[in-house]
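Letter by letter, the chains look like this.
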Amino acid sequence: MPSEVPYAADAEVSLQFDELEVLRLQYNKEIQQGHITTQTKFNYAWGLVKSPLREHQVEGVRLLQDLYRADSTRRRECLYYLALGHYKMGNYDEARKFNGLLLEKEPSNMQAQSLASLIDRSTAQEGYVGMAIAGGVAAVGAVILAGLIRRANR
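Below is a summary of the structure that appears in this document.

Conventions we followed
- Residues numbered from 1 in each chain as written.
- Predicted model: local features only at pLDDT ≥ 70, side-chain atom pairs only at ≥ 80, totals over all residues.
- Heavy atoms only, no water.
- Helix = DSSP H or I, 4+ residues; strand = E, 2+ residues; numbered from the N terminus.
- Buried < 20%, exposed > 50% of the residue type's maximum accessible area, 1.4 Å probe, protein only.
- Contact = heavy atoms within 4.5 Å.
- Polar contact = N/O pair within 3.5 Å; in protein donor to acceptor, adjacent residues only side chain to side chain.
- Salt bridge = Lys/Arg side-chain N within 4 Å of Asp/Glu carboxyl O.

Let us look at the overall build of the protein. Secondary structure summary: the protein contains six helices and zero strands in total. The order of α-helices and β-strands along the protein, N terminus first, is α-α-α-α-α-α. Counting the 154 residues in the protein, one finds 32% classified as buried. The contacts in the protein between residues at least 6 apart in sequence include a share of 57% that link residues at least 24 apart.

The following block contains the structure:
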């Protein structure tokens, strides 16, 4: 069964400013009218998560969390975009948690499998960077310690 939703790698593409603006205007219009439809809220949250700006991503994740709690029919999509939002913000543990929930429900979901690979790759890269920094700090510490020991022996 082909998925109508893009693979995770495709979801890395940001919306154009004018596309996000259309979603924002519709969302604000419905706020002013006193009733926001689930679809409008989801569309706006989706657009915010796809934004390159962290503050947009944070707001998108917040809206998706509201939808996840309030509308059980949208949970599958919310789980994926919650995972994607956290991934884009560098919150890999949260991304893995939400994506794992989706994979529990739909183990053959190619989109979630693709995102899991991206999360794993980013976690590994972050670990390598951390090890390099720790190694650099240890090397600098060893040089300083050696210098102190030499001075103490004079």
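There is more to say after this.
Here we take up the side chain of Arg74. Here Arg74 is to be found in the loop between helix H3 (54-70) and helix H4 (75-88). We classify Arg74 as buried; its relative accessible area is 11%. At a separation of 2.9 Å, a polar atom in the side chain of Arg74 contacts the side chain of Gln39. If near-sequence neighbours (up to four positions away) are discounted, Arg74 is found in contact with Thr38, Gln39 and Phe42.

On to the pattern of salt bridges. For the structure on display, the rule yields ten salt bridges. A salt bridge links Lys41 to Asp66, with the nearest nitrogen and oxygen atoms 3.8 Å apart. One end of the pair, Lys41, is in helix H2 (residues 38-49); the other, Asp66, is in helix H3, with 25 residues separating them in the sequence. A salt bridge links Arg69 to Asp66, with the shortest nitrogen-to-oxygen separation between them at 3.3 Å. One end of the pair, Arg69, and the other, Asp66, are both in helix H3, three residues apart, so they sit about a helical turn from each other. Classification of Arg69 by relative accessible area gives exposed; the value is 57%.

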